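Remarks on the overall topology
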Amino acid sequence: MERSSSFAPVSDPSARVLVLGSMPGQVSLKAQQYYAHPRNAFWKILEGVTGVSPTAPYRVRTQGVIAARIALWDVLASCVRPGSLDADIVRASVQPNDFDRFFQEHPQIEVICFNGAAAEAEYLRHVAPLRLSAGARLVRLPSTSPAHAAMTFEHKARIWRSALQGTDF
C-alpha cells in the first residue's frame with residue numbers, strides 16, 4: 001500500500017483557532033485541497049462563519065478562513081490508508097505533523113477544533129502528551145465527511161458555527 005501525505009497548513013500567525021482533520025481523503029489528495037470531496041459539508045458550513053461561498057475558488061475560500069483567524073491542518077503528516085476512511089488508517093504507519101513548530105509559529109491559538117472523532121483521537125494519542133499547547137481549549141466537532149451521515153447538515157452547521165463564532169476573533 002502507498003503512503004499518503006498531508007498538506008501544509010492553511011494559516012497565518014494571527015490564527016486563534018486551529019481546525020484539525022485526521023488525514024485528507026483520496027479526492028482531497030488528488031485535488032491538493034482541503035475538504036475537496038463535493039459531498040463534504042466543510043466549506044458549506046464555513047460559509048456561515050467566513051461569508052465566502054463554498055463554490056468560490058479554493059484560494060478565495062482559504063483566504064476567507066485566514067481572514068477569520070482560523071487555521072486548517074491535519075493531525076497526521078502521513079500514513080498508509082487504503083481509501084479515505086479513517087478507520088482504515090494503518091496505525092503502525094502514522095506520522096504526526098510537526099506541532100511543536102506550528103505552535104511556535106502560531107502563538108495565539110486558543111482553540112483547537114477537531115473535525116470528527118478520529119482527528120481528536122489521533123491528536124490525543126500523538127500530540128497532547130507533548131503538552132505543546134497546554135492552554136488551548138479542545139473541542140470535538142461532528143465530522144463534515146459524507147461518511148458521517150448520522151446527523152443532519154443543519155445540526156452539524158449549528159454546532160460548528162457555535163464553536164467557531166464562540167471564540168474571540
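Cut-offs used in this document
Residues numbered from 1 in each chain as written. Predicted model: local features only at pLDDT ≥ 70, side-chain atom pairs only at ≥ 80, totals over all residues. Heavy atoms only, no water. Helix = DSSP H or I, 4+ residues; strand = E, 2+ residues; numbered from the N terminus. Rg over C-alpha atoms; globule rule 2.2 N^0.38 Å. Buried < 20%, exposed > 50% of the residue type's maximum accessible area, 1.4 Å probe, protein only. Contact = heavy atoms within 4.5 Å. Areas by Shrake-Rupley, 256 points an atom, 1.4 Å probe, with all protein chains shown as cover. Phe/Tyr/Trp six-rings, centres within 6.5 Å; stacked < 30°, edge-to-face > 60°. Lys NZ or Arg CZ within 6 Å of the ring centre and 35° of its normal. Pairing = 2+ DSSP bridges. Axes fitted to C-alpha atoms, helices over the stretch in contact; angles between N-to-C directions. pLDDT = per-residue confidence, 0-100. Polar contact = N/O pair within 3.5 Å; in protein donor to acceptor, adjacent residues only side chain to side chain.

This part takes up the overall build of the chain. Summing up its helical and strand segments, the chain has six helices and seven strands in all. Counted from the first residue to the last, the chain has its helices and strands arranged as β-β-α-α-α-β-β-β-α-β-α-β-α. Radius of gyration (C-alpha) of the chain: 15 Å, near the 15 Å computed for a compact globule of 169 residues. Over its C-alpha atoms, taken along the principal directions, the chain stretches across nearly 40 × 35 × 30 Å. In the chain, buried positions account for 46% of the 169 residues. By sequence separation, contacts in the chain at least 24 residues apart represent 71% of the contacts at least 6 residues apart. Surface accessibility of the chain: about 8400 Å² in total, with carbon and sulfur atoms responsible for 51%.

To continue, consider the packing of aromatic side chains. A complete count under the given rule lists twelve aromatic pairs for this structure. Relative to Tyr123, the ring of Phe114 has its centre 5.1 Å away and its plane inclined at 55°; by these criteria the two rings are tilted. Ring pairs connect the aromatic residues Phe7, Tyr34, Tyr35, Phe42, Trp43, Tyr58 and Trp160, which therefore count as one cluster. The ring of Phe153 has Lys44 sitting right over it, with the charged end atom 4.5 Å from the ring centre. Over the aromatic face of Trp43 sits the side chain of Arg61, whose NZ or CZ is 5.0 Å from the ring centroid.

Within the secondary structure layout, Thr144 lies in the loop between β7 (137-141) and α6 (153-165). For Thr144, a relative accessible area of 1% puts it in the buried group. With near-sequence residues (within four places) excluded, Thr144 lies in contact with Tyr35, Arg39, Asn40, Ala41, Phe42, Ile45, Asn115, Lys156 and Trp160.

What follows concerns the sheet that holds strand β3 (residues 70-74). Across the sheet, four strands lie side by side as β3-β2-β6-β7; this open sheet has parallel pairing. The sheet is open, and its two edges are formed by β3 and β7, each paired on a single side. Sheet twist, expressed as the average angle between the axes of neighbouring strands with direction ignored, equals 25°. Of the pairings in the sheet, the one linking strand β2 (residues 17-21) to strand β6 (residues 111-115) comprises four bridges and is parallel in character.

Turning next to the confidence of the model for the chain. Averaged over every residue, the pLDDT of the chain is 90; the share at 70 or more is 94%. Least confident of the elements in the chain is strand β1 (residues 3-5), whose mean pLDDT is 89; most confident is helix α3 (residues 58-67), at 98.

Turning to the environment of Arg140, a few remarks are in order. On the secondary structure map, Arg140 appears in strand β7. Here the alpha-carbon distance between Arg140 and Gly21, two residues 119 residues apart in the chain, equals 11 Å. Excluding anything up to four places from it in sequence, Arg140 contacts Phe114, Gly116, Ala117 and Glu120. Looking at Arg140, its side chain comes within polar contact range of the side chain of Glu120, at 3.1 Å.

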